[in-house]
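This is what each chain is made of:
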Amino acid sequence: MADPSTPLSALNLSHGSIIFLFYHGERTVRGGPAVSPAGSFGRKMTMDDLIAKQTRITRQESPHCDSVSFDRDSANAFQLYVNETLAFASKRGGFMYGTVSEEGRVEVDFIYEPPQQGLEEDLILLRDPEEEKLVDAIAAGLGRRRVGFIFTQTVMQDKKDYHFTNKEILQAAELHAESELKEWVTVVVKLEVNEDGAADVHFEAFQMSDMCVKLFKEEWFVTEFGENDDPKLSKMKKDVVVGGKDVKEVDNDFFLVVVKIFDHQGPLSLGFPIENRNTHATLRSLKNHLDRAKNLPFVKRISDFHLLLFLAKSLGLGSDVPALAECVLTQSPVPEGYQLLIESMANTS
């Protein structure tokens with residue numbers, strides 16, 4: 001190689017040949033990068049290393065929740081209100097309470113509807129921590145816990161080619177992350193036109209994917225939206241890999257895992273006015289409710305979550321209602337003092 005005019009073929013060199021340079025003395029390269037054996041030249045970059053540096057979003061095939069079953073009366077009361085009273089013109093939401101089996105089956109026995117402001121495309125939960133503490137305490141007395149969130153979509157939403165909007169994805173991910181329950185379920189109720197031109201109410205159940213909840217906790221989601229943003233796409237603050245491509249917009253369906261729906265007849269009754277609706281419960285409501293079931297044992301007459309919440313909020317029985325809830329759970333006689341107090345308050349209406 002001392003003769004610069006020597007052709008490579010004469011030196012048995014071809015494309016891909018490795019040449020080692022050997023020389024005596026020290027050599028300084030000005031402006032070159034500092035390289036140490038521990039750097040990129042000191043070890044091999046494996047495929048796992050490359051994948052670890054990327055956030056890849058794929059569809060999650062299996063939910064942690066095997067199925068969700070609704071108490072028929074509770075599901076019907078929710079959909080009747082949004083259908084007949086609200087006419088699906090504004091959004092409505094509620095927290096579902098029930099049980100989770102070891103096999104991951106969720107049973108919903110009642111729905112608590114928190115204070116809220118429902119708009120055409122937004123659902124603003126005006127959450128009351130004190131009221132939610134009462135709800136959780138009553139639920140615990142009934143052997144139940146918070147297991148999911150249910151909300152409606154309005155007839156004004158153009159949702160022909162998607163299940164959730166980007167705003168709905170954010171709200172569902174936030175509540176799922178807050179719950180710390182892997183079986184947490186999100187249910188959407190919508191009005192759809194069938195083949196005969198009639199409108200049907202549909203319940204659809206999903207879980208937010210593990211990746212969706214992870215990205216929400218790590219604040220990857222863009223939370224501000226413009227008028228021209230596509231509602232079926234969620235925006236990311238950094239690139240993610242979808243289908244082998246680096247993108248900052250992800251189809252919302254990638255974050256949804258379908259859950260099977262069933263129904264059952266739960267152990268609680270439902271007839272007392274539901275909280276935080278346009279029509280408020282009063283002492284007259286309490287008297288009417290008790291009178292309708294006056295031939296039943298008293299514990300049966302108060303076996304209604306919404307009635308127990310009313311007692312906790314309106315009659316100053318907040319600390320006592322969990323004990324009443326336990327009577328309902330076991331269907332054991334209500335202590336006489338509680339019964340007299342509730343009946344006397346009802347008779348003052």
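Up top is the structure.
Not measured: the values here are computed from a predicted model. (Residues numbered from 1 in each chain as written. Predicted model: local features only at pLDDT ≥ 70, side-chain atom pairs only at ≥ 80, totals over all residues. Heavy atoms only, no water.)

## Quick notes on the pairing of strand β6 (residues 145-152)
Logical step 1: The buried fraction of β6 amounts to seven of the eight residues, a majority that puts the element mostly inside the structure.
Logical step 2: By the bridge criterion, five bridges tie β6 to strand β7 (residues 185-193) in an arrangement that is parallel. Across the sheet, G148 pairs through a bridge with V185, a residue of β7. (Buried < 20%, exposed > 50% of the residue type's maximum accessible area, 1.4 Å probe, protein only. Helix = DSSP H or I, 4+ residues; strand = E, 2+ residues; numbered from the N terminus. Pairing = 2+ DSSP bridges.)

## Considering the sheet that holds β7
Adjacent strands of a sheet pair through backbone hydrogen bonds, lying either parallel or antiparallel.
Logical step 1: Read around the barrel, seven strands follow the order β1-β3-β2-β6-β7-β8-β11 and close on themselves; strand pairing throughout is mixed. Neighbour-to-neighbour, the strand axes of this sheet turn through a mean angle of 35°, independent of strand direction.
Logical step 2: Direction of pairing for strand β2 (residues 93-100) relative to strand β3 (residues 105-112): antiparallel, over a ladder of six bridges. Across the sheet, Y97 pairs through a bridge with F110, a residue of β3. (Axes fitted to C-alpha atoms, helices over the stretch in contact; angles between N-to-C directions.)

## Considering the packing of helix α3 (residues 129-141) against helix α8 (residues 305-314)
Logical step 1: Where α3 contacts α8, the two axes come as close as 10 Å, and the packing angle between them is 130°. Comparing the axis directions of α3 and α8 gives the class oblique. At the point where α3 passes α8, the crossing takes the right-handed sense. On the side of α3, the interface is formed by E131, L134, V135 and I138, while α8 contributes F305, L308, L309, A312 and K313. (Parallel < 35°, antiparallel > 145°, perpendicular 65-115°, else oblique. Left-handed = near helix turned anticlockwise from the far one by under 90°. Contact = heavy atoms within 4.5 Å.)

## Some details on α8
Logical step 1: When you tally the buried positions in α8, you get eight out of ten residues, the bulk of the element.
Logical step 2: Among the residues of α8, those classed as buried are F305, H306, L307, L308, L309, F310, L311 and A312.
Logical step 3: Turning to α8, the residues buried within the fold contact β3, α3, α6 (283-292), α7 (298-301), α9 (321-330) and α10 (336-347).
Logical step 4: Its side-chain oxygen 2.8 Å from the backbone nitrogen of H306, D304 forms the N-cap of α8.
Logical step 5: Count one or two residues on from α8 and you reach G316, which has phi positive near 65°. (Polar contact = N/O pair within 3.5 Å; in protein donor to acceptor, adjacent residues only side chain to side chain.)

## Overview of the pattern of salt bridges
Logical step 1: On inspection of all chains with the given rule, the structure shows 18 salt bridges.
Logical step 2: A salt bridge links R105 to E103, with the shortest nitrogen-to-oxygen separation between them at 3.5 Å.
Logical step 3: Accessibility expressed as a relative area gives 41% for R105, which makes it partly exposed. (Salt bridge = Lys/Arg side-chain N within 4 Å of Asp/Glu carboxyl O.)

## Some thoughts on the layout of surface pockets
To locate leftover empty space, one rolls a probe as large as a water molecule over the atoms.
Logical step 1: In this structure, the largest pocket occupies an estimated 360 Å³ of space.
Logical step 2: Along the wall of the largest pocket there are 16 residues; nearest its centre are L123, I124, K167, Q171 and E174.
Logical step 3: For the lining of the largest pocket, the elements supplying multiple residues, two or more each, are β5 (123-125) and α4 (166-179).
Logical step 4: Residue classes in the lining of the largest pocket are distributed as six nonpolar, two polar and eight charged. (1 Å grid on protein atoms, 1.4 Å probe; cavity = no way out; pocket = protein on both sides within 12 Å on 5 of 7 lines; lining within 4 Å. Points joined across faces, edges and corners; volume = space filled by probe spheres on them. Nonpolar A, V, L, I, M, F, W, Y, C, P; charged D, E, K, R; others polar.)

## Focus: the packing of aromatic side chains
Logical step 1: By the definition in use, this model includes nine aromatic pairs.
Logical step 2: Seen in terms of ring centroids, F149 and F151 are 6.1 Å apart; in terms of plane orientation they differ by 20°. Their pairing is stacked.
Logical step 3: Note on F149: relative accessible area 2%, which makes it buried.
Logical step 4: What makes F151 buried here is its relative accessible area of 3%.
Logical step 5: Each ring, one from F272 and one from F310, has its centre 5.3 Å from the other, and the planes form 50°; the classification is tilted. Taken as a pair, F272 in the loop between β11 (256-264) and α6 and F310 in helix α8 lie far apart in primary sequence, 38 residues in all. Neither F272 nor F310 differs from the other in exposure class; each is buried.
Logical step 6: Through successive ring pairs, a cluster of aromatic residues spans F95, F149, F151, F164 and F206.
Logical step 7: One cation-aromatic arrangement involves K238 over W220; the distance from NZ or CZ to the ring centre is 4.2 Å. (Phe/Tyr/Trp six-rings, centres within 6.5 Å; stacked < 30°, edge-to-face > 60°. Lys NZ or Arg CZ within 6 Å of the ring centre and 35° of its normal.)

## Focus on a nonpolar patch on the surface
Logical step 1: Taken together, the side chains of L119, I124 and L126 make up a nonpolar region of the molecular surface, amounting to roughly 230 Å² of accessible area.
Logical step 2: Examined against the element boundaries, I124 turns out to sit in strand β5. (Patch = residues over 30% accessible without salt bridge, like charges linked within 9 Å, V, L, I, M, F, W, Y side chains within 5 Å. Areas by Shrake-Rupley, 256 points an atom, 1.4 Å probe, with all protein chains shown as cover.)

## Considerations on the nonpolar core
Logical step 1: Ranked by size, the top nonpolar core spans 81 residues in total, and within it M96, I138, F164, F255, L286, L308 and L311 carry the most contacts.
Logical step 2: Sort the elements by how many residues they give to this core and α8 lands first, with seven residues.
Logical step 3: For this core, the two domains that each supply at least three residues are domain 1 (56-264) and domain 2 (283-347).
Logical step 4: Beyond its immediate stretch of four places on either side in the chain, L286 contacts F272, L307, F310, L311, L315, I342 and A346. (Core = buried A, V, L, I, M, F, W, Y, C linked by side-chain atoms within 4.5 Å. Domains from an automatic or database assignment.)

## Observations concerning the environment of A75
Logical step 1: Its location among the elements puts A75 in helix α2 (residues 72-85).
Logical step 2: Classification of A75 by relative accessible area gives buried; the value is 11%.
Logical step 3: C-alpha separation for the pair A75 and V189, spaced 114 residues apart in sequence, amounts to 9.9 Å.
Logical step 4: Sequence-distant contacts of A75, that is, excluding residues within four places in its chain, are made with F70 and F203.

## Overview of a negative patch on the surface
Logical step 1: Taken together, the side chains of E192, E195, D196 and D200 define an acidic patch exposed on the protein surface.
Logical step 2: Note on placement: E195 falls in the loop between β7 and β8 (199-208).
Logical step 3: Judged by its relative accessible area of 84%, E195 is exposed. (Lys, Arg positive; Asp, Glu negative; His and termini not counted. Charge placed at Lys NZ, Arg CZ, Asp CG, Glu CD.)

Read these as layout, nothing more, since geometry by itself doesn't imply function.
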